[in-house]
Amino acid sequence: VLGVTVRPNAPPPTLNVALNEELNLFGSVQDEGLPRGKGLVVEWKLLKGPGTVNFTIPGAARTKATFSAPGLYELELTANDSEFVDRTRVNVNVK
């Protein structure tokens, strides 16, 4: 079983950050170790937004992000253990 911390049936939370400031993203993923021999792949990515996002470590659940322009962004954290895939989203309002 693969788990990503999600609030079922709730809209994604919205975080606020100033342009040119780093935003700490504290995602959480868990893997029970199956299937054996397969690693857990974690990835942050931009789904929507008026500019680009730079993640310091896009392949880690906990990372930092900087944004190129003000506006509303939608980010997604994906965890994949080759058997199960789970996702959670967060909105970021950049001012």
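Our subject is the structure listed above.
What comes next is a walk through the structure. (Residues numbered from 1 in each chain as written. Predicted model: local features only at pLDDT ≥ 70, side-chain atom pairs only at ≥ 80, totals over all residues. Heavy atoms only, no water.)

Once that is clear, we can look at the packing of aromatic side chains. The full count for this structure, using the stated rule, is two aromatic pairs. Aromatic side chains Trp44 and Phe55 sit 6.3 Å apart centroid to centroid with 25° between the ring planes, which places their arrangement in the stacked category. A residue pair is termed long-range when its members are at least 10 positions apart, and Trp44 in strand β5 (residues 41-48) and Phe55 in strand β6 (residues 53-55) qualify at eleven residues. Across the pair, Phe55 and Trp44 agree in class, each one buried. Their ring planes at 55° and their centres at 4.8 Å tell us that Phe67 and Tyr73 sit as a pair that is tilted. Here Phe67 matches Tyr73 in class, with each residue buried. (Phe/Tyr/Trp six-rings, centres within 6.5 Å; stacked < 30°, edge-to-face > 60°. Helix = DSSP H or I, 4+ residues; strand = E, 2+ residues; numbered from the N terminus. Buried < 20%, exposed > 50% of the residue type's maximum accessible area, 1.4 Å probe, protein only.)

As a further point, take the pattern of salt bridges. Summed over all chains, the structure comprises six salt bridges. Among the salt bridges present, the one from Glu22 reaches Lys64, with a minimum N-O distance of 3.6 Å. Placement of Glu22 in the loop between β2 (14-17) and β3 (23-26) and of Lys64 in strand β7 (residues 62-67) is noted, with a sequence separation of 42 residues between them. Of the residues examined, Lys64 reaches a relative accessible area of 34% and is grouped as partly exposed. (Salt bridge = Lys/Arg side-chain N within 4 Å of Asp/Glu carboxyl O.)

The next point concerns the pairing of strand β8 (residues 71-80). Summarising burial for β8: seven of the ten residues are buried, a large majority. Where β5 lies against β8, seven bridges are found, and the strand directions are antiparallel. Paired with Glu43 across the bridge in β8 is Thr78. Where β8 meets strand β9 (residues 85-94), ten bridges bridge the pair, whose relative direction is antiparallel. What sits directly across from Glu74, in β9, is Asn91. (Pairing = 2+ DSSP bridges.)

Bear in mind that shape data such as this cannot, by itself, settle questions of function.
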